[in-house]
Amino acid sequence: MHVPSVSILSTALLLAGGAVARRYGKPSTCLDSSIVAHSGTPVGKEVKHGNLTIYISQPDKNNARARARAGAAVLFLTDVWGLALLENRLLADSYARAGYLTVMPDLFNGSPAPADINVDTPGFNATEFLARHSPAATDSLVATTIAYMRSSSSSEFGVTRIAAPGYCFGGRYAFRFLGKGEGEGVDVGFAAHPSVLQPSEIAAVRGPVSIAAAENDELFNATARAEAERVLAENAGNVPYQINLYSGTMHGFGVRIDLADPQQRYAKEQAFLQAVRWFDYSFRVE
């Protein structure tokens, strides 16, 4: 079996973690793949903020990781399946178990894609769907969520720093909002198999960014990966970046996998840990 490749930085972070916690909620700041939920019942809740539906998953405030991450939150930017997909909610809950308040907005106003945009599906026009949910429509939803997280009306959260993991469709917006001004954007970003990501959006980032790429991905292929690496290396702000390539994976592996395939399961779990450890490293928390 080919083992997914990891960067030198991510390997160093893995070693720095020391002994890992083996059970949810153990009072340790370390973590391992057991924190990732692949099945079960979501534990978060839906709230309404104006016309926007938001899924919120709260960490256990008695957990040592949560205490160390007070003031930091995760803005989970979904794939085209949105809030309706069980795996997205379970991943949001997993970020909360990692100690981060997690907020996941409905980017599709209750009408997510009925099929994979990477697959030709009769009756579903992926091009039309993406045009309807372009930055002109989506940026305002993300901006509204960020304002809500930082506003006095949600002051019980105490959010002062935001990390944005984006998956597929959401990966582009993790980059876009890592390029916004202070208070308007996010502080650190992560993108798993991003789609429709533009070089100009990569060049504009102002903070640390990490990418988990699939070996076989028509939407973020080898050419796109090389271009992303080139643009990040030439970033005028010299922002920290990381690009990990996971062998034996396809577009969407960070969320939807065949659980019977140990390589896919390993890759999904390691991509999640890549994101969390990148956030921890960027926020300088243990």
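- The name given to the protein in an unreviewed UniProt entry is Alpha/beta-hydrolase, with the source organism recorded as Parathielavia hyrcaniae.

### Focus: unusual backbone geometry
Okay, so step 1: Although it is not a glycine, V196 sits at a positive phi angle of roughly 55°.
Okay, so step 2: For V196, the position within the fold is in the loop between β6 (188–192) and α7 (199–203).
Okay, so step 3: Positive phi values are uncommon outside glycine, yet R284 reaches one of about 60°.
Okay, so step 4: Tracing the sequence through the fold places R284 in the segment after α9 (262–283).

### Focus: helix α5 (residues 135–150)
Because each turn of an α-helix spans 3.6 residues, side chains separated by three or four positions in sequence point in the same direction.
Okay, so step 1: Across its 16 residues, α5 extends 22 Å between first and last C-alpha, which sits within 8% of the 22 Å expected from 1.5 Å per residue.
Okay, so step 2: Looking at the buried positions of α5, the neighbouring elements they touch are β1 (45–49), β2 (52–57), β3 (72–75), β4 (101–105), β5 (161–167) and α6 (169–178).

### Re the environment of S140
Okay, so step 1: Along the chain, S140 turns up in helix α5.
Okay, so step 2: By relative accessible area, S140 is classed as partly exposed at 41%.
Okay, so step 3: A distance of 3.2 Å separates a polar atom in the side chain of S140 from the backbone oxygen of A137.

### Considerations on the pairing of β5
Okay, so step 1: The element β5 is largely enclosed, with a buried count of six among its seven residues.
Okay, so step 2: With five bridges connecting them, β5 and β6 associate as parallel partners. For Y167, the partnering residue across the bridge sits in β6 and is A192.
Okay, so step 3: Note on the crossover from β5 through α6 to β6: the handedness is right-handed.

### Regarding the confidence of the model for the protein
Okay, so step 1: Looking at the protein, the pLDDT average stands at 88 and 88% of residues meet or exceed 70.
Okay, so step 2: Across residues 1–28 the pLDDT falls below 50, and counting only partners more than four positions away or on other chains, this stretch makes 48 contacts in the model.

### Remarks on helix α8 (residues 222–233)
Okay, so step 1: For α8, built from 12 residues, the straight-helix expectation of 16 Å at 1.5 Å per residue is met to within 8% by its first-to-last C-alpha distance of 16 Å.
Okay, so step 2: Turning to α8, its buried residues number three or more, namely R225, A228, V231 and L232. An end-on view of α8 places all buried positions within 130° of arc, on one side of the element.
Okay, so step 3: Where α8 starts, the residue carrying a side-chain oxygen 3.2 Å from the main-chain nitrogen of T223 turns out to be N221.

### As for the sheet that holds β1
Okay, so step 1: Read across the sheet, eight strands follow the order β1-β2-β4-β3-β5-β6-β7-β8 without closing on themselves; strand pairing throughout is mixed. Edge positions in the open sheet fall to β1 and β8 (241–250), since each of these has one partner strand only. Across the sheet, the mean angle separating the axes of adjacent strands is 20° when strand polarity is ignored.
Okay, so step 2: Of the pairings in the sheet, the one linking β1 to β2 comprises five bridges and is antiparallel in character. Its bridge partner being in β2, V47 is matched across the sheet by I54.

### Comments concerning the packing of α5 against α6
Okay, so step 1: The geometry of α5 relative to α6 is characterised by a closest axis approach of 11 Å and an angle of 65° between their N-to-C directions. The angle between α5 and α6 places the two elements in the roughly perpendicular class. Here α5 runs over α6; the crossing is right-handed. Every residue of α6 that contacts α5 at P135, T138, D139, V142, A143 and I146 is listed here: F169, R172, Y173, R176 and F177.
Okay, so step 2: For the contact of α5 with α6, the residue count by class is seven nonpolar, one polar and three charged.

### Some words on the layout of surface pockets
Empty space left among the atoms is revealed by rolling a probe the size of a water molecule over them.
Okay, so step 1: Size it by volume and the second largest pocket reaches roughly 230 Å³.
Okay, so step 2: Looking at the lining of the second largest pocket, the elements that each hand over two or more residues are α2 (64–68) and β3.

### Some thoughts on the packing of aromatic side chains
Each aromatic ring pair is characterised by the separation of its centres together with the angle its planes make.
Okay, so step 1: Taken as a whole and judged by the stated rule, the model has 13 aromatic pairs.
Okay, so step 2: Summarising the aromatic geometry, the rings of F76 and Y95 are spaced 6.0 Å apart at their centres and angled 75° between planes, so their arrangement reads as edge-to-face. Linking F76 in the loop between β3 and α3 (86–97) with Y95 in helix α3, this pair joins segments that are 19 residues apart in sequence.
Okay, so step 3: Looking at F76, the relative accessible area reads 0%, which means it is buried.

### So, the nonpolar core
Okay, so step 1: Among the nonpolar cores identified, the biggest contains 47 residues, and I56, L75, V142, F175 and V186 are the most heavily contacted of them.
Okay, so step 2: Sort the elements by how many residues they give to this core and α6 lands first, with six residues.
Okay, so step 3: The residues touching V142, leaving out its near neighbours within four places in the chain, are L75, L77, L107, Y173 and F177.
Okay, so step 4: Of all hydrophobic cores here, the second largest spans 36 residues; its members include I35, A98, F272 and V276.

Cut-offs used in this document
Residues numbered from 1 in each chain as written. Predicted model: local features only at pLDDT ≥ 70, side-chain atom pairs only at ≥ 80, totals over all residues. Heavy atoms only, no water. Helix = DSSP H or I, 4+ residues; strand = E, 2+ residues; numbered from the N terminus. Expected span 1.5 Å × (residues − 1). Contact = heavy atoms within 4.5 Å. Buried < 20%, exposed > 50% of the residue type's maximum accessible area, 1.4 Å probe, protein only. Polar contact = N/O pair within 3.5 Å; in protein donor to acceptor, adjacent residues only side chain to side chain. Pairing = 2+ DSSP bridges. Right-handed = clockwise from strand over helix to strand, strands pointing away. pLDDT = per-residue confidence, 0-100. Arc of directions from axis to C-beta. Axes fitted to C-alpha atoms, helices over the stretch in contact; angles between N-to-C directions. Parallel < 35°, antiparallel > 145°, perpendicular 65-115°, else oblique. Left-handed = near helix turned anticlockwise from the far one by under 90°. Nonpolar A, V, L, I, M, F, W, Y, C, P; charged D, E, K, R; others polar. 1 Å grid on protein atoms, 1.4 Å probe; cavity = no way out; pocket = protein on both sides within 12 Å on 5 of 7 lines; lining within 4 Å. Points joined across faces, edges and corners; volume = space filled by probe spheres on them. Phe/Tyr/Trp six-rings, centres within 6.5 Å; stacked < 30°, edge-to-face > 60°. Core = buried A, V, L, I, M, F, W, Y, C linked by side-chain atoms within 4.5 Å.

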